[in-house]
Each structure stands twice: as structure tokens, then as C-alpha cells.
Amino acid sequence: MYTKAAHHPHVHATRGVGRMRLDIDFDQAPLLLIWEVTRSCELACVHCRASAIHQRHPDELTLAQGKDLIEQVHAMGTPLVIFTGGDPLQRDDLEELIRHAKSVGLRAGTIPATTYRLTRERLESLKAAGVDQLALSIDGENEAKHDAFRQLPGSFAKAMEAARWVRELEIPLQVNTVFGSWNADDFDALAELVESLGIVFWEVFFLVPTGRGTELQSCSAEQFEALFAKLEAMSRRVPFMIKITEGQHYRRFLAERQSQQGERGAPSSARMPKVAVNAGRGFCFVDHVGDVYPSGFLPMACGNVKEQAVADIYRTHETFQALRDTTKLEGKCGRCRYQTVCGGGSRARSYALTGRLHAPEPFCAYVPA
């Protein structure tokens, strides 16, 4: 799945990942599409790409428009749709959207905010609708750190309570965690907490400085490398999947390490597509009013699903096509031997910091010859 914000930010597959197709032609369809069903949210998370507010927008996609979008997603060959926000629980028709996604053959996940709306009864309703996986955001190993980040007292307690309910209801549980320079040193404590929750999937999201997140500091290149090493070691021993979001150069780290050690294959819990999922390449984001973006963290609207088919936008818009063209990568990414492995790092982060789609990943420690 995707992190809170997309998002995405960022849900992937369920214990289910082994059953989901990963051999998709990213020129034709994304591996996953994230739909921000509403931007309204009671949380005011300090990293939020959307700077969500507690107010529904009058031009949100309707239920009928949402069902049409879901059918388009399936028709273009994408296997996975994620309903995010804001807080998707603020839509009373969330369950109907999930049921429709399941009826056409999609895998469906959602990322509810940890507020009073997240009740056991609502979770039972989501399970009955057929949700494949549910993600909770946990960004601190204790109440003080998490609640300060999410800016809502009681958010950590609600996340812990909801995690227990999700397990009791036997819904596959995902945890999303945002990392930046402020909590890079907390990785061990956070990993210990996450591992104790009985999850099937941990999405580790590295900050992209957009929205409120422009006030935060990303991990340094050295911090990225240290966390990559910890994640690689963890992936070898835990029973759940670990997904790195907006840290595409983790794939370079793995390839480089395996080359040095003469190893073959990726860690067993790090199954991934052959080509890195990146903004506009294997990934597509639709916001609450129907605007289509290469990523929720790359604020370049390329069309609207109320006016044009999402497949046409994904396949033909010049921005999407440019993002899939690695020959356009600049600087060290343009001459890096690993560019086909990681796709040049986070295109969203590069754009956020430079204003250029093909600028080098700013926090990759590898320097090609």
C-alpha cells in the first residue's frame, strides 16, 4: 500500500503479494493506482503532501464516477487499487467502492486515519466488503513521538487498538512508517514495535519534501545507506514483506551488495518487479477531484478522469512518457550502471528539490565512475 498521503501514499499486495502479477509492462499500465477518495482528514500530520483539512470538497468524485474509474483501472491491466486520503473513512460509500473493485477482479486496500471514526464496527464492515489489506500509519515507537508527528492526541493509542482489532478480524495488516532525519536513529525501536504487531507488510516511506513536509529534513545519503543496511538484514529474517517507498535506490544498494558478495537473487521477503516502480512508471495517482498525477508527491496534474480515460493519460501524456525515459536522467544518475535497476532514484524527491524531472537522486551515496 501507500503511505498516508499517498500516499502513498504510497499499500502494496496482501500476504497476497505472491498471487499478484508483477510482470506488467509499465509503458501500458501501472502496477498500482492510488485514489485519494477525499482530502478531508482530522489529522494534521507534519509531513502531509496534501496539507489535508477537515472539510469535504464539493467536487470530489461521486460514487458513480468512482466506480467508472475502478472499471478503467481494471481494463488497463492494473491489478491493485488503493483507497487513500485524507481519511477514506470520511466517505460512507468506501465499502461500496471496495465491493465494486473486488467485483471486477481488483485487489483493494485502504489506509484509514487513526481517529474516532476508526471503530471495530467499521473494520468489520470493511472486511465484509472484501478489503484485501488495511494499512495503519505508525511513525513513532511511543505515544509522545507518534502523536507529535500526527498532531492528534490519542492517535498512537488508536493505532495500537486498531491493530489489535484488525488481527482479531483476520484482515491482513500493513504498517506504514515515514522516515527522515528526525527519526532515522529511531529505526531499531520502531522496527521492534512493528515486528510485534503481527503484520504481513511494512511499508517504509522516505520523506519527499512536499506540502507540509517542506518543513522537514530528509535523510542524508549516509542515513539512507545505514537504513538500507538495516532493512536488508531485517528482510532476511522476518516473515512479512518489506516495501521501500520513495527510496528506489535501495534496489541499487541490494544489487551493489549482491555483486560484491557474489550473491544471486533478492532477499526472500523483498520480492519486487524487475523494473523499479517510480512516479509515472508503474505508479499512478488520482486525487479527490479526479486530477491524475504521476505520483501524489509529484504535483504535476496531467489530466482529469472526468474528461479523459486514465489509461490514455498514463500511456500518452508527455510527463508520464518522460518519466519512463531513463535516457533523460541527468548527472550521476544518467551515467550510473544501476539506473535500470532503480530508475534513477526518487523522481518525486528530485523534482521537489530541484524543479527538474530528471535531476539526480539527491540522497544517493553511490558515485559512478
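Computed from a prediction, not measured in an experiment: that's the story for all the values here.

### Quick word on the pattern of salt bridges
Opposite charge on two side chains allows them to pair when their charged atoms are near.
Then, in step 1: Counted by the stated rule, this structure contains 23 salt bridges.
Then, in step 2: R122 serves as the salt-bridge partner of E95, at 2.7 Å between the closest nitrogen and oxygen. Of the two residues, E95 is situated in helix α2 (residues 94–103) and R122 in helix α3 (residues 120–129); the sequence distance between them amounts to 27 residues. Taken as a pair, E95 and R122 share a single burial class, namely buried.

### Considerations on helix α7 (residues 221–235)
Then, in step 1: Counted at 1.5 Å a residue, the expected span for α7 with its 15 residues is 21 Å, and the 21 Å between its end C-alpha atoms agrees.
Then, in step 2: Buried within α7 we find A221, F224, E225, L227, F228, L231, E232, M234 and S235.
Then, in step 3: Of the surrounding elements, those touching the buried residues of α7 are β5 (173–179), α6 (187–195), β6 (201–206), β7 (241–245), α8 (250–261) and α13 (347–354).

### Examining the pairing of strand β2 (residues 80–84)
Then, in step 1: For β2, the buried fraction is high: five of the five residues fall into the buried class.
Then, in step 2: Of the two faces of β2, the one lined by L80, I82 and T84 and the one lined by V81 and F83 are each fully buried.
Then, in step 3: Here strand β1 (residues 32–36) runs beside β2; their pairing, made up of five bridges, is parallel. Counterpart to L32 in the pairing with β2 is L80.
Then, in step 4: Read from β2 through α2 to strand β3 (residues 107–110), the crossover connection turns out right-handed.

### Some thoughts on α8
Then, in step 1: If you check α8, its first and last C-alpha atoms are 16 Å apart, about what twelve residues at 1.5 Å a residue would give, namely 16 Å.
Then, in step 2: Here the buried face of α8 lies against α7, β7 and α12 (339–342).

### Some thoughts on unusual backbone geometry
Then, in step 1: Of note, the bond from G85 into G86 is cis; its omega dihedral lies within 30 degrees of zero at 20°.
Then, in step 2: Looking at where G86 falls in the secondary structure, it is placed in the loop between β2 and α2.
Then, in step 3: Unlike most non-glycine residues, E170 shows phi in positive territory, near 60°.
Then, in step 4: Residue class for E170 comes out exposed when judged on its relative accessible area of 62%.
Then, in step 5: You will see that E246, though not glycine, has its phi angle at about 55°, which is positive.
Then, in step 6: Note that E246 resides in the loop between β7 and α8.
Then, in step 7: The exposure class of E246 is buried, given its relative accessible area of 5%.

### Quick notes on the packing of α2 against α3
Then, in step 1: The geometry of α2 relative to α3 is characterised by a closest axis approach of 8 Å and an angle of 20° between their N-to-C directions. Looking at the two axes, α2 sits roughly parallel to α3. Crossing hand, α2 versus α3: right-handed. Residues L94, E95, I98, R99 and K102 of α2 lie in contact with α3, whose contacting residues are R122, S125, L126 and A129.
Then, in step 2: A per-class count over the contact of α2 with α3 returns four nonpolar, one polar and four charged.

How each quantity is defined
- Residues numbered from 1 in each chain as written.
- Predicted model: local features only at pLDDT ≥ 70, side-chain atom pairs only at ≥ 80, totals over all residues.
- Heavy atoms only, no water.
- Salt bridge = Lys/Arg side-chain N within 4 Å of Asp/Glu carboxyl O.
- Helix = DSSP H or I, 4+ residues; strand = E, 2+ residues; numbered from the N terminus.
- Buried < 20%, exposed > 50% of the residue type's maximum accessible area, 1.4 Å probe, protein only.
- Expected span 1.5 Å × (residues − 1).
- Contact = heavy atoms within 4.5 Å.
- Pairing = 2+ DSSP bridges.
- Right-handed = clockwise from strand over helix to strand, strands pointing away.
- Axes fitted to C-alpha atoms, helices over the stretch in contact; angles between N-to-C directions.
- Parallel < 35°, antiparallel > 145°, perpendicular 65-115°, else oblique.
- Left-handed = near helix turned anticlockwise from the far one by under 90°.
- Nonpolar A, V, L, I, M, F, W, Y, C, P; charged D, E, K, R; others polar.

Nothing here speaks to function; it is all geometry.
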